[in-house]
Amino acid sequence: MIQVAPSLLAADFSRLAEEIQRVQAVADLLHVDVMDGHFVPNITMGPMVLEAIRKTTDLPLDVHMMIAEPDRYLSDFRQAGADMISVHVETCPHLERTIDQIHRLGALAGVAVNPATPVELLVDIFDEVDYVLVMSVNPGFGGQTFWPRAAEKIRRVKAMRADRDRPLIEVDGGINDATVAWVRDAGVDIVVAGSYVFQSNHPEERVKILRGG
Ligand code: DX5
Ligand code: ZN
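Cut-off values and rules
Residues numbered from 1 in each chain as written. Chains lettered and ligands numbered in written order. Predicted model: local features only at pLDDT ≥ 70, side-chain atom pairs only at ≥ 80, totals over all residues. Heavy atoms only, no water. Core = buried A, V, L, I, M, F, W, Y, C linked by side-chain atoms within 4.5 Å. Buried < 20%, exposed > 50% of the residue type's maximum accessible area, 1.4 Å probe, protein only. Helix = DSSP H or I, 4+ residues; strand = E, 2+ residues; numbered from the N terminus. Contact = heavy atoms within 4.5 Å. Polar contact = N/O pair within 3.5 Å; in protein donor to acceptor, adjacent residues only side chain to side chain. Near = heavy atom within 4 Å. Areas by Shrake-Rupley, 256 points an atom, 1.4 Å probe, with all protein chains shown as cover. 1 Å grid on protein atoms, 1.4 Å probe; cavity = no way out; pocket = protein on both sides within 12 Å on 5 of 7 lines; lining within 4 Å. Sits in = over half its atoms within 2 Å of the grid points. Salt bridge = Lys/Arg side-chain N within 4 Å of Asp/Glu carboxyl O.

1. Things to note about the nonpolar core
Item 1. One finds Leu8, Leu95, Leu122, Ile175, Val183, Val191 and Leu210 to be the most contacted residues of the largest nonpolar core, which totals 61 residues.
Item 2. No other element matches the four residues that helix α5 (residues 149-161) contributes to this core.
Item 3. Excluding anything up to four places from it in sequence, Ile175 contacts Phe146, Val180, Val183, Val191, Val192, Ala193, Tyr196 and Leu210.
Item 4. Residues Ala5, Leu29, Met84 and Leu168 belong to the second largest nonpolar core, which totals seven residues.

2. Focus on the side chain of His88
Item 1. By secondary structure assignment, the location of His88 is in strand β4 (residues 84-88).
Item 2. Of note is the side chain of His88, whose polar atom sits 3.0 Å from the side chain of His64.
Item 3. At 2.9 Å, the side chain of His88 forms a polar contact with the side chain of Glu90.
Item 4. Discounting residues that sit within four places of it in the chain, His88 has contacts with Phe39, His64, Met65, Met66, Ala112, Asn114, Met135 and Pro139.

3. Concerning the site of ligand 1
Item 1. In the region of ligand 1, 20 residues are neighbours, and Ser7, Gly140, Asp172, Gly194 and Ser195 sit closest.
Item 2. In this structure, an oxygen atom belonging to ligand 1 sits 2.8 Å away from a main-chain N or O atom of Gly143.
Item 3. Here an oxygen atom of ligand 1 sits 2.8 Å away from a polar atom, N or O, in the main chain of Gly174.
Item 4. Bound to the protein, ligand 1 loses 99% of the 380 Å² it would expose on its own.
Item 5. With respect to the pocket detection grid, ligand 1 is positioned in the largest pocket.
Item 6. Of all the secondary-structure elements, those providing two or more residues to the shell around ligand 1 are β2 (30-35), β3 (61-66) and β8 (190-193).
Item 7. Ranked by residues supplied to the shell around ligand 1, first place goes to β2 with three residues.

4. Side note on the pattern of salt bridges
Item 1. Tallying each qualifying case throughout the model produces 13 salt bridges.
Item 2. For Arg22, the salt bridge identified is with Glu19, shortest N-O distance 3.1 Å. Of this pair, Arg22 and Glu19 both sit in helix α1 (residues 16-23), three residues apart, which is roughly one turn of the helix.
Item 3. Among the residues examined, Arg22 registers a relative accessible area of 29% and is labelled partly exposed.
Item 4. Taking the shortest distance from any N to any O, the salt bridge between Arg156 and Glu152 comes out at 3.0 Å. Here the residue Arg156 and the residue Glu152 both occupy positions in helix α5, the gap between them amounting to four residues, near one helical turn.
Item 5. A residue is classified by how much of its surface remains accessible, and Arg156, at 26% relative accessible area, is partly exposed.
Item 6. Judged by relative accessible area, Glu152 falls into the partly exposed class, the value being 34%.
Item 7. Through salt bridges that share partners, Asp12, Arg15, Glu18, Glu19 and Arg22 make up one connected network.

Structure (structure tokens):
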């Protein structure tokens, strides 16, 4: 059974607590997108907002860091309540050290790869990573169209995993009732969905559809 992580990027920021409440009973994780206007064009939220989110829910918080020099902020986000922290391989010249730092802070460590970045870059640190985040859009905005080659990329991560079930494989961007079938077939473990879940009057139903009934 796949896990579903609604992305708060598509939620109404003026009513975050209520939006979280709407998916709380059915979601496995909450996905929180951190953007800096530098690594990606958009700017979203920092540790103070994460701390406020943490107070509203017991769901694990899956923090996706789309920022330059993420090492500088790992401790702040962990203290604010992050349970899982993913960094982009494109932002980390010393990725092994960054992953180690996330582990020392007591969180699960994920590595995200942009569409143009080969997952094979992770081969030498694969065993140290808790989850690989395959981007199925170029990061920065919600509501973009799914990049179809992401499904094949998920298959390649699965092949790297051989007969093990770790690292988990997460996919993010353009997931809806149609595209989820492609990533499910490819063997994904966690799907992130923003607009499909929150731009609906029944977000909890959308989560159930993504999970497969
Ligand atoms: C995009 C973010 C995603 C975003 C996905 O840069 O990383 O998490 O919220 O939004 P949808 O599901 O609308 O593509
Ligand atoms: Zn994300």
